[in-house]
Amino acid sequence: MTTDHELAASPPPEPVRYEGGWRRPLIGPFTVAQVLAVVVSIALTAVVLVVLTSPLSVPQQPTQPRPGSGFFAIGSPQAGLRVGDVAPELTGTTPRGDAVQLTDLNGNPIRLAALRGRPVWINFWATWCPPCQEETPVLRDVYEEYADDGLALIAISVQETTVEDVRAYVDRYDLGYIVGFDATSAIFHTYRAFGLPTQLFLDRDGVIRKVVLGPITREEAEATISGLLAD
């Protein structure tokens, strides 16, 4: 039996020594190395789950048109009217079979037959179409330059909400040419157009002499109209 004297004389037990910082206890009996191994394992598992559940490619958002972006397609591409064709009258048919006559913003009919003997510039456009907005000054300025020489310009708005929206745009930019309201897009389809802006230049006999898909520059418009007026 150990006596009290022997217990008092025995040296205290030496503390447990750990080799290096990685083996020292961090949480309860777990060492730094053990805790770190668990953390790394959890992180790697999370990375693997992200990789497995992520799509192979990120879907691209539709590119929104910007001024200067060019032709803005609003339908399936199709073969439109060609140079040399006689431009059809500004009429059409709705999907229900109703006949439609193009009218201006006041409800008055617009007929190509009434413009025979004059060069005609037909422009399909919309107030919400950025390329159309960009070329509005071209239409306005070129028309003002050649109106006294006999040029007729018919800007046909399509896919608009109301006549008032179009009239507000016309008033804001002081547009003096004819503006038609194609509420059902029937005339747009008669001309087999599929994007905005679409332009057709007709000679004095109503024959198509040029087709432009997209906005037109002032220089190109002036050159085309000068040629039509000279014929």
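Above this text you will find the structure in question.
Just so we're clear, the structure is a prediction, and the values are computed from it rather than from any experiment.

Please set out the overall build of the chain residue by residue, giving values where relevant.
When its secondary structure is counted, the chain shows six helices and 12 strands. Contacts spanning at least 24 positions in sequence make up 71% of the contacts within the chain whose residues lie at least 6 apart.

Now, about unusual backbone geometry: what can you tell me, with residues and values included?
Look at the link from Leu 196 to Pro 197: it is a cis peptide, with omega at -10 degrees. Mapped onto the secondary structure, Pro 197 falls in the loop between strand E10 (195–196) and strand E11 (198–202). Even without being glycine, Asp 174 reaches a positive phi, approximately 55 degrees. Looking at the secondary structure, you find Asp 174 in the loop between helix H4 (163–172) and strand E9 (178–182). Assessed through its relative accessible area of 57%, Asp 174 is described here as exposed. Phi at Ser 185 takes a positive value of approximately 65 degrees, unusual for a residue other than glycine. Summarising the element assignment, Ser 185 is placed in the loop between E9 and helix H5 (186–190). Under the relative-accessibility criterion, Ser 185 is labelled buried at 7%.

Any chance you could break down the nonpolar core for me, citing the residues and the numbers?
General note: in soluble globular proteins, nonpolar side chains tend to be found buried as a group. Formed by 52 residues in total, the largest nonpolar core has its most connected members in Leu 90, Trp 121, Ile 122, Phe 124 and Tyr 191. Beyond its immediate stretch of four places on either side in the chain, Tyr 191 contacts Leu 81, Ala 87, Pro 88, Glu 89, Leu 90, Leu 112, Ile 122, Phe 124 and Leu 200.

Please give an account of the pattern of salt bridges that cites residues and values.
Scanning the entire structure with this criterion turns up seven salt bridges. The residue Asp 141 makes a salt bridge to Arg 140 at a minimum N-O spacing of 3.3 Å. On the basis of relative accessible area, Asp 141 is assigned to the partly exposed category, the value being 26%. If you follow the salt bridges from partner to partner, you end up with Arg 140, Asp 141, Glu 145, Arg 218 and Glu 222 in one network.

An account of the environment of Phe 124 is needed here, citing residue identities and associated values.
Structurally, Phe 124 can be placed in strand E7 (residues 120–125). Put simply, Phe 124 and Pro 197 are 73 residues apart on the chain and 5.4 Å apart in space, counted from C-alpha to C-alpha. For Phe 124, the residues in contact, after removing those within four places along its chain, are Ile 156, Val 158, Ile 187, Phe 188, Tyr 191, Leu 196, Pro 197, Thr 198 and Leu 200.

Describe H4, listing the residues and the values that go with them.
Taken as a whole, H4 has its buried residues at Val 166, Tyr 169 and Val 170. The arc enclosing the buried residues of H4, seen along the axis, measures out at 100 degrees, which places them on a common side. Of the exposed residues in H4, those oriented more than 90 degrees away from the buried face are Glu 164, Asp 171 and Arg 172. Contacts made by the buried residues of H4 are with E7, helix H3 (130–146), strand E8 (152–158) and E9. Note on H4: the residue one or two positions beyond its end, Asp 174, has a positive phi of about 55 degrees.

Residue-level account of the packing of aromatic side chains, with values.
Under the criterion given, the structure shown has eight aromatic pairs. By the ring-pair criterion, three or more aromatic residues cluster together here, those being Phe 124, Phe 188 and Tyr 191.

So what's going on with the pairing of strand E12 (residues 208–213)? Which residues, and what values?
One ladder, built from five bridges, connects E11 with E12; its direction is antiparallel. Note on E12: the bridge partner recorded for Leu 202 is Ile 208.

Reading the values: rules and limits
- Residues numbered from 1 in each chain as written.
- Predicted model: local features only at pLDDT ≥ 70, side-chain atom pairs only at ≥ 80, totals over all residues.
- Heavy atoms only, no water.
- Helix = DSSP H or I, 4+ residues; strand = E, 2+ residues; numbered from the N terminus.
- Contact = heavy atoms within 4.5 Å.
- Buried < 20%, exposed > 50% of the residue type's maximum accessible area, 1.4 Å probe, protein only.
- Core = buried A, V, L, I, M, F, W, Y, C linked by side-chain atoms within 4.5 Å.
- Salt bridge = Lys/Arg side-chain N within 4 Å of Asp/Glu carboxyl O.
- Arc of directions from axis to C-beta.
- Phe/Tyr/Trp six-rings, centres within 6.5 Å; stacked < 30°, edge-to-face > 60°.
- Pairing = 2+ DSSP bridges.

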